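Structure assessment
Here is how the chains run, residue by residue.
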Amino acid sequence: PVAAPVALEARNLVKDFRGFRATNDVTLPIYEGEIHAIIGPNGAGKTTLFNLLSGFLKPTGGEVRLFGERIDTLPPHRIVRRGLSRSFQISSVFPTLTVRENVLVALQSPTALPGQFWTPLSRLETLGARADEILADVGLGTAPGRLAADLSHGEKRQLEIGISLTQDPRVLLLDEPTSGMGSEGIARVIALVRQVARGRTVVLVEHNMSVVSELADRISVLQYGSVIASGRYDDVRQDPRVIEAYLGE
Ligand code: ADP
């Protein structure tokens, strides 16, 4: 079979923090349409790599390419316009707004509507319809009027993913989407990630191995800032270097 085209790619990425190398020569292709999990022990450099891929950190060396074009030289909002958006581990939801208002605000952000700082009325109707569509997609269709502050932890994560979807990303980066959740919430997130991954490329940082094994088409394992293994879950988990990295935790 012909390999899928590369959607997002790290090439020889390096990130130093005052002499400490947090990302060490990472070369990593993410193929179009795949769900790719980045795993590794605490401190391995997962968050740093995520920040480099989404433009929130500038690399010390190397490149990030999105659909073949360099993005590491662009500010985050321009990267969003090129088709990559991310969720945050720390909630980006406005607690005093309703669920639907949160999505509407995100839909009206300048990155969602390039070059427009106000919204004509006809456009608001379209945005309202789009907001409802997104809420249905993330499983919050029955809760549009609830205050975001009143949502459960799991529902907040659903809303955050909905907010990332307002940018209609071709590539979606999810930072620990199941963190702090019980088994019911985790099952919901797994279904949700599968749903939003349709027609998209998804990269996620995830600690929970059963989530990784259920969701990921491929995984990459980081240790001390380097990718020590990359491939299908069943192959990678048997790699002696991976077993050793985890035994040391
Ligand atoms: P992970 O997400 O895998 O737990 P991180 O990417 O958060 O790992 O961190 C990797 C390493 O880089 C850690 O040793 C951490 O202390 C260090 N690090 C991360 N960010 C900074 C920073 N802003 N300044 C200095 N060191 C940092």
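A few points on the structure. (Residues numbered from 1 in each chain as written. Predicted model: local features only at pLDDT ≥ 70, side-chain atom pairs only at ≥ 80, totals over all residues.)

What about the nonpolar core?
Formed by 61 residues in total, the largest nonpolar core has its most connected members in Leu8, Ala37, Leu53, Val103 and Val221. Excluding residues that lie within four positions of it along the chain, Val103 makes contacts with Ala131, Ile134, Leu135, Gly162, Ile163 and Thr166. (Core = buried A, V, L, I, M, F, W, Y, C linked by C-beta atoms within 7 Å. Buried ≥ 20, exposed ≤ 12 C-beta atoms within 10 Å, placed from the backbone. Contact = placed C-beta atoms within 7 Å.)

Here we look at the environment of Val211
When you line up the elements, Val211 lands in helix α7 (residues 209-215). Taking the C-alpha atoms as reference points, Val211 and Phe20, separated by 191 residues in sequence, lie 31 Å from one another. If we skip the residues at most four places from it in the chain, Val211 touches Thr178, Ile186, Ile190 and Glu206. (Helix = DSSP H or I, 4+ residues; strand = E, 2+ residues; numbered from the N terminus.)

Observations concerning the site of the ligand
Every residue lining the ligand is accounted for by Phe17, Phe20, Ala22, Gly40, Asn42, Gly43, Ala44, Gly45, Lys46, Thr47 and Thr48. For the shell around the ligand, the elements supplying multiple residues, two or more each, are β2 (20-31) and α1 (46-53). Looking at the shell around the ligand, the element that brings in the most residues is α1, giving three residues. Residue classes in the shell around the ligand are distributed as four nonpolar, six polar and one charged. (Near = placed C-beta within 6 Å. Nonpolar A, V, L, I, M, F, W, Y, C, P; charged D, E, K, R; others polar.)

Let's talk about the packing of helix α5 (residues 153-165) against helix α6 (residues 183-196)
In the contact formed by α5 and α6, the axes pass within 10 Å of each other and the chain directions differ by 10°. Between α5 and α6, the angle is such that the two are roughly parallel. Facing His153, Gly154, Arg157, Gln158, Ile161 and Leu165 of α5, the residues of α6 in contact are Gly185, Arg188, Val189, Leu192 and Val196. A per-class count over the contact of α5 with α6 returns five nonpolar, four polar and two charged. (Axes fitted to C-alpha atoms, helices over the stretch in contact; angles between N-to-C directions. Parallel < 35°, antiparallel > 145°, perpendicular 65-115°, else oblique.)

What to know about the sheet that holds β2
Reading across from one edge, β2-β1-β4-β5 is the order of the four strands in this open sheet, with antiparallel pairing throughout. The open sheet has two free edges, formed respectively by β2 and β5 (69-70), since each of these has just one partner strand. Here strand β4 (residues 61-66) runs beside β5; their pairing, made up of two bridges, is antiparallel. When the bridges of β5 are listed, Leu66 appears paired with Glu69. (Pairing = 2+ DSSP bridges.)

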